[in-house]
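# Structural overview for review
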Amino acid sequence: MERSYDEWRPGTPRSITDEQVAEVVYKALQTTPKDETHWTVHGMAKESGQSRDAVHRIWKTFGLKPHLSSRSARSRHELEMR
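Counting restarts for each chain: residues are numbered from 1 in the order of the written sequence. Predicted model: local features are reported for residues with pLDDT of at least 70 only, side-chain atom pairs are reported and counted for 80 or more only, and whole-chain, interface and lining totals are derived from all residues. As a convention, hydrogens and water are excluded, and side-chain values are obtained from all of the structure's heavy atoms.

This part covers the packing of helix α1 (residues 18-30) against helix α2 (residues 41-48). At a closest axis distance of 11 Å, the pairing of α1 and α2 adopts a crossing angle of 130°. By the criterion of interaxial angle, the relationship of α1 to α2 is oblique. Remark: the crossing between α1 and α2 carries right-handed chirality. Facing V24, K27 and A28 of α1, the residues of α2 in contact are M44, E47 and S48. Of the residues contributing to the contact of α1 with α2, the split by class is three nonpolar, one polar and two charged. Throughout, an axis means a line fitted to C-alpha atoms (over the contacting stretch in the case of helices), and angles, computed between N-to-C directions, take values from 0 to 180 degrees. Secondary structure counts use DSSP, requiring at least four H or I residues in a row for a helix and at least two E residues in a row for a strand, with both numbered from the N terminus. Should an angle fall under 35 degrees it is called roughly parallel, over 145 degrees roughly antiparallel, and 65 to 115 degrees roughly perpendicular, with every other angle called oblique. Crossing handedness is defined as follows: a turn of the near helix away from the far one that is anticlockwise and smaller than a right angle gives a left-handed crossing, while the clockwise case is right-handed. In this analysis, two residues are considered to be in contact whenever any of their non-hydrogen atoms come within 4.5 Å of each other. Under the convention adopted here, Pro, Cys and the residues Ala, Val, Leu, Ile, Met, Phe, Trp and Tyr are nonpolar, Asp, Glu, Lys and Arg are charged, and Gly plus all remaining residues are polar.

Encoded structure:
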């Protein structure tokens, strides 16, 4: 039996668009918050307008760990020099 992706599924329909997910992923990978070395779930939620739970689910789905990236290894002194 072939399964259609448009079949009814239990639960609430998604309220976050693909564009909003892409924005969170892009920011986590390509930017850093002002005066910080890496994004936190709370900071990204505030910046993107999404809930902390939504940001956490997005990061988990895509395997993102901004606090472990090589970009976050920069020191605060290095950030102050920007």
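This next bit is on the pattern of salt bridges. Only one rule defines a salt bridge in this text: a Lys or Arg side-chain nitrogen within 4 Å of an Asp or Glu carboxyl oxygen. According to the stated counting rule, one finds three salt bridges in the structure shown. In this structure, D18 and R14 form a salt bridge, with 3.0 Å as the shortest nitrogen-oxygen distance. Classification of R14 by relative accessible area gives exposed; the value is 58%. Of the charged contacts in the structure, one is a salt bridge between K27 and E23, with a shortest N-O distance of 3.1 Å. You can see K27 and its partner E23 sitting in helix α1, four residues apart, about one turn around the helix. Three exposure classes are used, based on accessible area relative to the maximum for each residue type with a 1.4 Å probe and protein chains only: buried under 20%, partly exposed in between, and exposed over 50%. For K27, a relative accessible area of 14% corresponds to the buried category. Using a relative accessible area of 31% as the deciding quantity, one classes E23 as partly exposed.

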